[in-house]
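A look at the structure
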Amino acid sequence: MPMSRPPLPPFTRESAIEKVRLAEDGWNSRDAAKVALAYTPDTRWRNRVDFAENRDQAQAFLPRKWNTELDYRLIKELWAFTGNRIAVRYAYEYRNDSGQWFRAYGNENWEFAEDGLMARRHASINEMPIREEERKFRWPLGRRPGDHPGLSDLGL
């Protein structure tokens, strides 16, 4: 049975915002199998120096990421959209196994198939060390609460 992942393209502002929040929620779940289902079987990724050529490779990448980026919390925000493409900006915070906290900033360009699955994901990311007291993402692990400020509200 073919799978679809609403909202489907072409996107409106509202459906693009919904798509971004669904992606944020998935990544904050840190459930690689669940997250991978949002991508086409032949998805293509670029994430820093990592490349994925299909859904299985994308799924295998995620536990490696989250096993080194501990206490990971992410906020995504819509930047632009048209047709079947969405651009987002995001920030996430994590600590390494030595206890050093980081805030990573990035941009992603997404392209979707007609069924709403992501066919292309190109991410550019850089990060900086932060002190624990500089953290802004302090909700319990998992989905960001609906009343937690977004990137623009936080001045990021």
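Everything below is about the structure printed above this text.
Residues numbered from 1 in each chain as written. Predicted model: local features only at pLDDT ≥ 70, side-chain atom pairs only at ≥ 80, totals over all residues. Heavy atoms only, no water.

Here we look at the sheet that holds strand β5 (residues 101–112)
Here is the rule: Strands were regarded as paired on the criterion that DSSP finds at least two bridges between them. Helix and strand labels come from DSSP, where a helix needs a run of H or I of at least four residues and a strand needs a run of E of at least two; each type is numbered from the N terminus. To obtain each axis, a line is fitted to C-alpha atoms, and for helices this fit is confined to the stretch in contact; angles are then taken between N-to-C directions over 0 to 180 degrees.
If you trace the six strands from one edge of the open sheet to the other, you get β2-β1-β6-β5-β4-β3, paired in mixed fashion. Among the strands making up the open sheet, the edge pair consists of β2 (50–52) and β3 (70–82). Averaged over all pairs of adjacent strands, the angle between strand axes in this sheet comes to 20°, irrespective of strand direction. Two elements, strand β4 (residues 85–95) and β5, share 11 bridges in a ladder whose sense is antiparallel.

Considerations on the pattern of salt bridges
How we decide: What makes a salt bridge here is a side-chain nitrogen of Lys or Arg within 4 Å of a carboxyl oxygen of Asp or Glu, nothing more. For each residue, the accessible area found with a 1.4 Å probe, counting protein chains only, is set against the maximum for its type, and the residue is called buried under 20%, exposed over 50%, and partly exposed in between.
Summed over the entire model, instances satisfying the criterion amount to 18 salt bridges. For Arg103, the salt bridge identified is with Glu93, shortest N-O distance 2.9 Å. Of this pair, Arg103 sits in strand β5 while Glu93 sits in strand β4, and the two are 10 residues apart along the sequence. Each member of the pair, Arg103 together with Glu93, is buried. Between Glu132 and Arg138 there is a salt bridge, with its nearest N and O atoms 3.1 Å apart. Of the residues examined, Arg138 reaches a relative accessible area of 42% and is grouped as partly exposed. Salt bridges linked by common partners bring Arg21, Glu24, Asp25, Arg143 and Arg144 together as one network.

Describing the nonpolar core
Where a protein is soluble and globular, its nonpolar side chains tend to be buried together. Threshold: Only buried Ala, Val, Leu, Ile, Met, Phe, Trp, Tyr and Cys residues count toward a nonpolar core, and they belong to the same one when joined by side-chain atoms within 4.5 Å. Should any heavy atoms of two residues lie within 4.5 Å, those residues are counted as being in contact.
If you look at the biggest cluster of nonpolar residues, it comprises 29 residues, and the most contacted ones within it are Trp27, Trp45, Leu62, Ile86, Tyr92 and Trp110. At the level of elements, α1 (13–29), α2 (32–36), β1 (39–47), α3 (55–68), β3, β4, β5 and β6 (118–130) are the ones that each hand at least two residues to this core. The greatest single-element share of this core, amounting to five residues, is contributed by β4. If near-sequence neighbours (up to four positions away) are discounted, Trp27 is found in contact with Val35, Tyr39, Trp45, Leu62, Lys65, Trp66, Tyr72, Leu74 and Arg121. With five residues, the next largest nonpolar core counts Ile75, Ala91, Trp139 and Leu151 among its residues.

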